[in-house]
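Below, each chain spelled out in residue letters.
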Amino acid sequence: MDESVALDALADTLTRLSTNSYSVDLHVQHIRLAKSMEDKDQLLVALEMAANYMATPDDIWLPLIDAKTAASDINTPEGALEVLDVYSKAESDYMFFSILQKHLDFLVDRHEYFSGLEVEPDNLGKLFSDDWTREAMSIVVSKGTGHISQSHVLWDQYYNWELDILEKASTDEKPLSVSVIEKILLARLQQPHANHQDTYQSYSSFTTAYKPASEYESLLISASKLRSRAIKAYEKREASEMALAAAGYSLDAYATYIAAEQRRRDPDHFILCGLYERGLAEASRRQFSGELGAERAIQMFWVGYIDLVKTQGKSAEFWRRATRSVPGSGEVWARYIHFLEREQESEFSTDEMDAGKNEDIEAAYTRALSTTLFTRGRKSDPEIDADQIVPLVLARAGAEKRAVEAGRADGDGLATLIKVVEDGIAMVRQASSSGDPRFRLEKFLSEFYLSLADVPDAAVQLWASTAAHYRSSWAAWVAYTDVLIRTDHHDLARKTFQDMSTKNLDYPEALWDAWHNFEHAHGSLSSLEEAINKITQARAQLETRRAREAEKAYAAAAAQYAEQQAASLPAVSVPATGATQGSAPVVSEAMDVDISAPADTKGKRKAEEEPPVAETSGGKKPRIETPTASLKRDRENCTVFVADLPSEATEADLKALFKDCGDIRDIKFTRMPETLVATVEFYDRDSVPAALTKDKKRIHETEIGVHLAWRSTLYVTNFPEKFDDTSIRDLFGQYGLIFDVRWPSKKFKATRRFCYLQYTSPSSAERALELHGRELEPDRAISVLISNPERKKERSDADANERELYVAGLSKFATKEDLRKVFETYGPIKEIRLAEDKSGQPKGFAFIDFESETDARAALAANNYELKNRRIAVTFTDSRVRAKNKEGTAETGLGRRADARNRSVRVRNIPSGTQEGLLHQLLEKYSLVKRTEIFAALNEAVVELENPAEAGKLLLRAEPIILGENVLQFSEEQAGPSRGQPAAPPPATGGMFVPRAAGSRPRAGLGRARKPGLGATQAPSSSNAQPPEQKKGQDDFRKMLG
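Here the structure is a predicted model, which is why all the values come from computation and not from measurement. (Residues numbered from 1 in each chain as written. Predicted model: local features only at pLDDT ≥ 70, side-chain atom pairs only at ≥ 80, totals over all residues. Heavy atoms only, no water.)

## What to know about the overall build of the chain
Of regular secondary structure, the chain possesses 38 helices and 24 strands. Counting only residues that meet the buried cut, the chain has 45% of its 1042 residues in that class. Here the contacts in the chain between residues at least 6 apart in sequence split such that 65% fall between residues at least 24 apart. In the form shown here, the chain has an accessible surface area of approximately 53500 Å², with 50% of it arising from carbon and sulfur atoms. (Helix = DSSP H or I, 4+ residues; strand = E, 2+ residues; numbered from the N terminus. Buried < 20%, exposed > 50% of the residue type's maximum accessible area, 1.4 Å probe, protein only. Contact = heavy atoms within 4.5 Å. Areas by Shrake-Rupley, 256 points an atom, 1.4 Å probe, with all protein chains shown as cover.)

Written out as structure tokens, the structure is:
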């Protein structure tokens, strides 16, 4: 960046920070600009400014600590204390081990320095003495004990220092030092931690060296009893700790871990506190790195943390940490005000009015508003979430109201209460265009006017202004008419009903119901009949208008999508004649996803089956329309997605909502961490336009969203090979809440690389389209498109099985260019993928995609070609295509089925609804997986590995593999009946991973039965039955692994 441009940007950022000092985004921008200018002084200013206003991660604090250490004379007590003060501030923000370890190193270093001085400074006192340093180090170590997987890093450092002190101690000092270390060891044994066995061994060695031999056995028995509970506590969480690490310590993984811990019969307070501290630290680091959703995660973690410890009597320092960490969270500030109110009540009841003990409620409320995070200055400024303002204002007003009722308030208590709420209402209405659709502040103030203050006219004026502000809100007008009825203004209420009955409200049915009930309770027969007539007329007009709007919306959405897709498709010139399969344009459109099903192959659609196509003069292949009677269930066009449902919503609620739209086939609810959503499938696609008119309707007074399911679904392909489910969710999660990610089965084609990603709202999917064409790797642009079933083309990989070759036996020195030189002689090559391990070393095999099937078949002639002094093997990648070109037994001589069984394992305890693609991704991290097949009815799967040694690695693995919250169980795959239905007779083919259209077909031959391989399974003869083949055991697999 040009220096003048950088200076202008810096000045602009500082100006904005002066009015919005608590904006994380602005502080991050300030720090980045300072780094780009390579100005160390300016960078330190930026870091200090961020740390002064809010809690910051270790990336901010570590440079500040280094700068303070370099600037201070740490060889003096004053300089050392200045550095220690920075450490204390840093550790009060979040629990970062990088800071805690650095703090321990500093304490040990300064202790060693000051202890070695012949003449101590006059003002040193007890600073850095053995006892002072021991206490300081124990405090630092205690801050990290909640991290049960890493706390040993700090504790070992402290323990080693104590051992050094013991070795240097004089004869008189040794007994005291031995006693101190013994207490430290016994206390540590009672804490859950990863290396508890090492701690126990340390205690054993210590006892042997410093305790009488006669006491050794009794001391060890006592220590074993002490540590038993801690060991069990850690073992219960070990699988969760591994799952957390496998997920890259993502915020979703922390939330899942915390939720699982809270559901336990015996939730451990120590473990939960540690989890919240760890989650907060990780979230803060991600927040400052710009991860979307990290700020919301910090707020949720703090709310949960506060609710966990609110009965534990936490100090004011804890609340200072919380409000400093999330200064824009009204929920946290509200809980802090509740804490202050309880403390004030306690002080008032015990006559212990210590004004300096805690912050005053009014001062805390003023401090919250001073952050400017709850006020919106101009309409051009970003909107503020009203759900953060309302809890703060209600907490302040509620405290004042209870003080007035209890007689603790001063003479201005009532006026203060009214002003707080009125100012809060103004803040909410200014914060966003939608305001607070639940009118929580208005209801609070209205009830206060009607009951405590006894000024009903003020309540009427309040709701009149509310209805005028929220002109299209049925809830505002119903609340207004309710207060008119309660205050006996019946004529005004009736006039309001009449005037608003034909207005364009968001849910006029609710107003009509209220009018109908009002006339029953307070009207005459004539007024009731008049109301019914007007409601009937208004209902007819509304239904006509909604039908027109739905038709227009549906047509507009289809037209918009058509334009979008047409613009995104590459322009391809098609030759007039001689068009071949290889020259057909590649269309990145939505693909069908293989969905795992039980092993019973009856009724399953044929794998990779495509409708017949006919060549046209332009070389394109149009889809042939099939008769209406043979059309399959049209889920995409018959399903609507319902979002933002209230937590108490039921199937009956949705049936009542859509009762006038058409017959419902299926309703499925999905409860997500922050919301409840549902999919509603109709029998007829003509029901969908009417269903879309229910958008913005209300269920249990909560506004819901209704849209076509495909409008929030993306088809994503051509992403890097290393991407898995977590990578996709991390990449797309920044654009909105993800409902589901569906991966293709790799049962028949291991190189398939696409997925369907569905958001909870279409707007999120539209925002994510900006990723389309972005290069996540050099020369690999990701494809992101809306998955519209109306424009679903023939799959771009429909004949990929016929065009892709698998090349094995490659030298580790073979490169893509070497392969290209060998194979491009057979025809144009689309892509070469050379498999590599995690370290980037070649695995010895590759995949080659040709432009045409003819060229791929011709390239089979390269089989046994010598490349880099190695003979390579060339076959089709897909086993089904390979079977067309090669018959015979496997290389082991056991027969293909037996050979596949020897390198396969059975996986049990799979969570219900697991996708084959996700299971395949998970197991690929531990072994070389060829194919995966799930049997949903059994919650089991069969996984075929590359070779028996890879199967043995899974079977002999000591550490558990976690999927969801289930620990997967592995066992050898045995010969037997069909895996999907154990009680049924085996299929005709009897093989592993039978293709979905494969059956026993007559083959050409000499009319002579083929002899089975050595390991083939034969039906026993009634006259001469052979003993069954001996099963392989664990020892056999150990021999395979050498």
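So that's the structure; there's more coming.
## What about unusual backbone geometry?
With phi around 65°, asparagine 718 is a residue other than glycine that occupies positive phi space. Within the secondary structure, asparagine 718 is located in the loop between strand E7 (713-717) and helix H29 (725-732). Residue asparagine 718 is classed as partly exposed on the basis of its relative accessible area of 30%. Of note, lysine 868 is a non-glycine position whose phi angle comes to about 60°, a positive value. Tracing the backbone through its elements, the reader meets lysine 868 in the loop between strand E16 (866-867) and strand E17 (870-871).

## Quick notes on the sheet that holds strand E6 (residues 705-708)
With antiparallel pairing, the 4 strands of this open sheet are ordered in space as E2-E3-E1-E6. Whereas interior strands pair on both sides, the edge strands pair on one side only; in this sheet they are strand E2 (664-671) and E6. Neighbour-to-neighbour, the strand axes of this sheet turn through a mean angle of 20°, independent of strand direction. Pairing of strand E1 (residues 639-645) with E6, which is carried by 4 bridges, proceeds in the antiparallel orientation. What sits directly across from valine 642, in E6, is valine 706. (Pairing = 2+ DSSP bridges. Axes fitted to C-alpha atoms, helices over the stretch in contact; angles between N-to-C directions.)

## What about the pattern of salt bridges?
With the rule as written, the count across this model stands at 55 salt bridges. Salt-bridge contacts for arginine 286 lead to glutamate 282; the nearest nitrogen and oxygen are separated by 2.9 Å. With arginine 286 and glutamate 282 both in helix H13 (residues 269-288), this residue pair falls 4 residues apart, about one helical turn. Assigned by exposure class, arginine 286 and glutamate 282 land together as buried. For glutamate 853, the salt bridge identified is with arginine 857, shortest N-O distance 3.1 Å. Of the two residues, glutamate 853 and arginine 857 both sit in helix H33 (residues 853-859), 4 residues apart, roughly one turn of that helix. On the basis of relative accessible area, arginine 857 is assigned to the partly exposed category, the value being 30%. Where salt bridges share partners, they join Asp387, Asp436, Arg438 and Arg440 into one cluster. (Salt bridge = Lys/Arg side-chain N within 4 Å of Asp/Glu carboxyl O.)

## With respect to the packing of helix H22 (residues 474-486) against helix H24 (residues 508-522)
Put simply, H22 and H24 touch, their axes get as near as 9 Å, and they point 15° apart. Accordingly, the angle class assigned to the pair H22 and H24 is roughly parallel. Between H22 and H24 lies a crossing of left-handed hand. Contacts between H22 and H24 involve Trp474, Trp477, Val478 and Ile485 from the first element and Ala510, Leu511, Ala514, Phe518 and His522 from the second. Taken together, the residues that form the contact of H22 with H24 break down as 8 nonpolar, 1 polar and no charged. (Parallel < 35°, antiparallel > 145°, perpendicular 65-115°, else oblique. Left-handed = near helix turned anticlockwise from the far one by under 90°. Nonpolar A, V, L, I, M, F, W, Y, C, P; charged D, E, K, R; others polar.)

## Digging into the packing of aromatic side chains
Applying the stated criterion across every chain yields a total of 35 aromatic pairs. Aromatic side chains tyrosine 94 and phenylalanine 96 sit 6.3 Å apart centroid to centroid with 80° between the ring planes, which places their arrangement in the edge-to-face category. Taking relative accessible area as the criterion, tyrosine 94 reaches 2% and is therefore assigned buried. We classify phenylalanine 96 as buried; its relative accessible area is 4%. (Phe/Tyr/Trp six-rings, centres within 6.5 Å; stacked < 30°, edge-to-face > 60°.)

## Focus: the sheet that holds strand E24 (residues 969-972)
As summarised here, the arrangement of the 4 strands in space is E20-E21-E19-E24, forming an open sheet in which the pairing is antiparallel. The sheet terminates laterally at strand E20 (929-935) and E24, the two strands that pair on one side only. Taken pair by pair, the neighbouring strands of this sheet meet at an average axis angle of 25°, ignoring direction. Relative to E24, strand E19 (residues 904-908) is paired through 4 bridges, and the arrangement is antiparallel. Bridge pairing links arginine 908 to glutamine 969 in E24. Contacting E19, E20, strand E21 (940-945) and E24, helix H36 (residues 916-924) runs over the sheet at an angle of about 140° to E20.

## Remarks on a negative patch on the surface
Together, Asp360, Glu362, Asp410 and Asp412 line one region of the surface with negative charge. Structurally, glutamate 362 can be placed in helix H17 (residues 361-370). (Patch = residues over 30% accessible without salt bridge, like charges linked within 9 Å, V, L, I, M, F, W, Y side chains within 5 Å. Lys, Arg positive; Asp, Glu negative; His and termini not counted. Charge placed at Lys NZ, Arg CZ, Asp CG, Glu CD.)

## Digging into the nonpolar core
Of all hydrophobic cores here, the largest spans 152 residues; its most connected members are Phe301, Trp302, Tyr305, Ile389, Val421 and Tyr480. Of the residues forming this core, the biggest block, 10 residues, is contributed by H22. Dropping the residues within four chain positions of it, valine 421 is found in contact with Val393, Ala397, Leu441, Phe444 and Leu445. If you look at the next biggest cluster of nonpolar residues, it comprises 42 residues, including Val640, Ile728, Val741 and Trp743. (Core = buried A, V, L, I, M, F, W, Y, C linked by side-chain atoms within 4.5 Å.)

## So, helix H20 (residues 440-452)
Taking 1.5 Å per residue, 13 residues should reach 18 Å; H20 reaches 17 Å between its end C-alpha atoms and fits that length. What H20 keeps buried is the set Arg440, Leu441, Glu442, Phe444, Leu445, Ser446, Phe448, Tyr449 and Leu450. Among the structural elements, helix H18 (386-406), helix H19 (413-431), helix H21 (456-469) and H22 are those in contact with the buried residues of H20. After H20 finishes, the residue aspartate 454 shows a positive phi value of roughly 55°. (Expected span 1.5 Å × (residues − 1).)

## Regarding the confidence of the model for the chain
Looking at the chain as a whole, its pLDDT mean stands at 81, while 81% of the residues score no less than 70. Across residues 793-798 the pLDDT falls below 50, and counting only partners more than four positions away or on other chains, this stretch makes 22 contacts in the model. (pLDDT = per-residue confidence, 0-100.)

## Things to note about helix H7 (residues 130-142)
Over its 13 residues, H7 extends 18 Å from the first C-alpha to the last, a length consistent with the 18 Å expected when each residue adds 1.5 Å. For H7, the complete set of buried residues consists of Thr133, Arg134, Ala136, Met137, Val140 and Val141. Packing partners of the buried residues in H7 comprise helix H6 (97-115), helix H8 (151-168) and helix H9 (174-189).

## A closer look at the side chain of threonine 675
Within the fold, threonine 675 resides in the loop between E2 and strand E3 (676-682). Those residues in contact with threonine 675, other than ones at most four positions away along the chain, are Asp644, Leu645, Thr670 and Leu737.

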